[in-house]
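Observations on chain architecture
Okay, here's what each chain looks like letter by letter:
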Amino acid sequence: MQCSGAIPEFSQELIEHIANFLWDEPVQLTQCSLVCAAWYHAAKRHLTSYMSATSDFAMKRLVYILTSKRNRKYRKALKHIKVGEKPSLRAFHMRLPGGALTAMESLEFSELDWTHSKLRFQPVFYQRLSYFVSVKTLYLRHCRLFCAEDLARVICALPNLDELNADSITIRQATHGGSLKQKITNYYQYRCKSPTLTELCFWKHGDAADLLAEPRMEPTAESVALHQDVLDVLSSCSTSIKSLRVSTTQFASFEQFRQFLDSFPQLHSLALEQEPEWEMPPPSTSAHLLATKLKDKNQVWEELHLFEMRSASVQRFIELFIAQHRRVRELELELLDWPTVALHSAVSRFTEKCGRTLHTFRLEIQTGRLAGFPEFKKPQVSRLNVL
């Protein structure tokens, strides 16, 4: 390796060793990365706006970096922190300087269990969580809470939260006695501030257990209550939500799904995933996807996405949109089978109704999952762009 000027020449192995030694000095590493290409490639492996603490050692390392006076500039560059997996990390808020992380945009909790009576969220937890004033996106992945009310408190603790992503959350105990929605409303009134979420995304992967029990499982009183508790919290957390992405398997019936959607009067972007495990209303009925009556008969939505569904289900969702005089700017369909004639007719009527409002149409067929067509390996994609 050769470097210009009076800079001494070092072997790449030595440069890598020096960069590894400076793992806890991101500011110094940044300066090293400006020397030449060799130093840049050695330092960039340690320079990231994303930090993960999934073990005790990783948490100690992260705390050491963030509390060092020499790393004040790095605290203003960190964008995302992931905390999870180890029981001892449940008290992360006591160790991370949330008030000093002025540029952090998102926070992720992964595989944390807060159900034990001695480990339940204490007032100090919500107080320290409120120090993360710059956080706008919260990820909850495979976390276990004691009850759904704890979920509402976490959402409300982050003062500027804009987006919530929940994946396979579970709770230990259902709420009994009184309406949970009323309790959540009273809690927001007591706090004198309701969440101002604009984006909500929740789904479930694998066989994770008891919070949002899949409809194919044998229903029990507890699983139904837990399911409804979480839906009540999510539907009560904000009326300003404009973008919603959910899995249809999280709902026990079409009516429950419709009531949930109707909690968001400002909704303008909807993405539905997976084939519904409940019956769609037949075309002969006057069912509506949204109970709210439109003041504007030509209301325009930004997006409508239907993923991993069969043609019959996609057809019914589109027909429900047509029945309520809704138009969209972007339509995306991902089918599990070949499109039927009825779906083609429904899409034709819908695109005709949207007219020049529709500027993007995308169709994808997951042919790799179709029985009897092993020769197809790649998805077939069709795009229509209208300027």
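Notes on the structure in this doc start here.

The rules we used
Residues numbered from 1 in each chain as written. Predicted model: local features only at pLDDT ≥ 70, side-chain atom pairs only at ≥ 80, totals over all residues. Heavy atoms only, no water. Helix = DSSP H or I, 4+ residues; strand = E, 2+ residues; numbered from the N terminus. Buried < 20%, exposed > 50% of the residue type's maximum accessible area, 1.4 Å probe, protein only. Contact = heavy atoms within 4.5 Å. Areas by Shrake-Rupley, 256 points an atom, 1.4 Å probe, with all protein chains shown as cover. Pairing = 2+ DSSP bridges. Salt bridge = Lys/Arg side-chain N within 4 Å of Asp/Glu carboxyl O. Patch = residues over 30% accessible without salt bridge, like charges linked within 9 Å, V, L, I, M, F, W, Y side chains within 5 Å. Lys, Arg positive; Asp, Glu negative; His and termini not counted. Charge placed at Lys NZ, Arg CZ, Asp CG, Glu CD. Core = buried A, V, L, I, M, F, W, Y, C linked by side-chain atoms within 4.5 Å. Axes fitted to C-alpha atoms, helices over the stretch in contact; angles between N-to-C directions. Parallel < 35°, antiparallel > 145°, perpendicular 65-115°, else oblique. Left-handed = near helix turned anticlockwise from the far one by under 90°. Nonpolar A, V, L, I, M, F, W, Y, C, P; charged D, E, K, R; others polar.

This part is about the overall build of the chain. The helix and strand tally for the chain stands at 12 helices and 14 strands. Residues counted as buried form 49% of the 387 residues belonging to the chain. Contacts in the chain between residues at least 24 apart in sequence constitute 80% of all its contacts with a sequence separation of at least 6. Summing over all exposed atoms, the chain offers an accessible surface of approximately 19600 Å²; the carbon and sulfur share of this is 53%.

Here we take up the pairing of strand 1 (residues 50-53). Across the two faces of strand 1 the burial differs, with Met51 and Ala53 buried and Tyr50 and Ser52 not buried at all. Pairing analysis gives 4 bridges linking strand 1 to strand 2 (residues 80-84), with the strands arranged parallel. By the bridge assignment, Ala53 is partnered in strand 2 with Val83.

Excluding glycine, a negative phi dihedral is what most residues carry, and trans is how most peptide bonds are arranged. With a phi close to 55°, Glu111 is a non-glycine residue in the positive phi region. Among the secondary structure elements, Glu111 is positioned in the loop between strand 3 (106-110) and helix 6 (123-129). Overall, the relative accessible area of 46% leaves Glu111 in the partly exposed class. One non-glycine residue, Glu308, adopts positive backbone phi at about 55°. By the secondary structure assignment, Glu308 is in strand 11 (residues 300-309). Of the residues examined, Glu308 reaches a relative accessible area of 30% and is grouped as partly exposed.

What follows is about the pattern of salt bridges. Within the structure shown, the criterion is met by 11 salt bridges. The residue Arg153 makes a salt bridge to Asp150 at a minimum N-O spacing of 2.9 Å. A residue pair is termed a helical-turn pair when its members lie 3 or 4 positions apart in one helix, as Arg153 and Asp150 do in helix 7 (residues 148-157) at 3 residues. A residue is classified by how much of its surface remains accessible, and Asp150, at 3% relative accessible area, is buried. Note that Arg362 and Glu332 form a salt bridge whose closest N and O atoms lie 2.6 Å from each other. Taken together, the residues span a long stretch of sequence, with Arg362 in strand 13 (residues 360-365) and Glu332 in strand 12 (residues 327-335) at a distance of 30 residues. Glu332 carries the same exposure label as Arg362, and that label is buried. Through salt bridges that share partners, Glu149, Asp150 and Arg153 make up one connected network.

Residues Lys69, Arg72, Lys73 and Lys76 make up a contiguous surface patch of positive charge. Assignment of secondary structure puts Lys73 in helix 5 (residues 72-75).

A general feature of soluble globular proteins is that nonpolar side chains tend to end up buried together. Counting residues in hydrophobic clusters, the biggest one holds 84 residues, and the most contacted among them are Ile81, Phe92, Leu96, Phe109, Leu129 and Ile318. Setting aside chain neighbours within four positions, we find Leu96 in contact with Met59, Leu62, Val63, Leu66, Ile81, Val83 and Phe132. Counting residues in each nonpolar core, the second largest holds 10 residues, with Ile15, Leu22, Trp39 and Ala42 among its members.

Below, the discussion takes up the packing of helix 11 (residues 311-323) against helix 12 (residues 341-354). Running from amino to carboxyl end, helix 11 crosses helix 12 at an angle of 30°, the nearest separation of the two axes being 9 Å. As far as their axial angle goes, helix 12 and helix 11 are roughly parallel. Judged by the sense of rotation from one axis to the other, the crossing of helix 11 with helix 12 is left-handed. Taken together, the residues of helix 12 that come into contact with helix 11 (itself represented by Ser311, Val314, Gln315, Ile318, Glu319, Phe321 and Ile322) are Ala342, Leu343, Ala346, Val347, Arg349, Phe350 and Lys353. For the contact of helix 11 with helix 12, the per-class residue count stands at 9 nonpolar, 2 polar and 3 charged.

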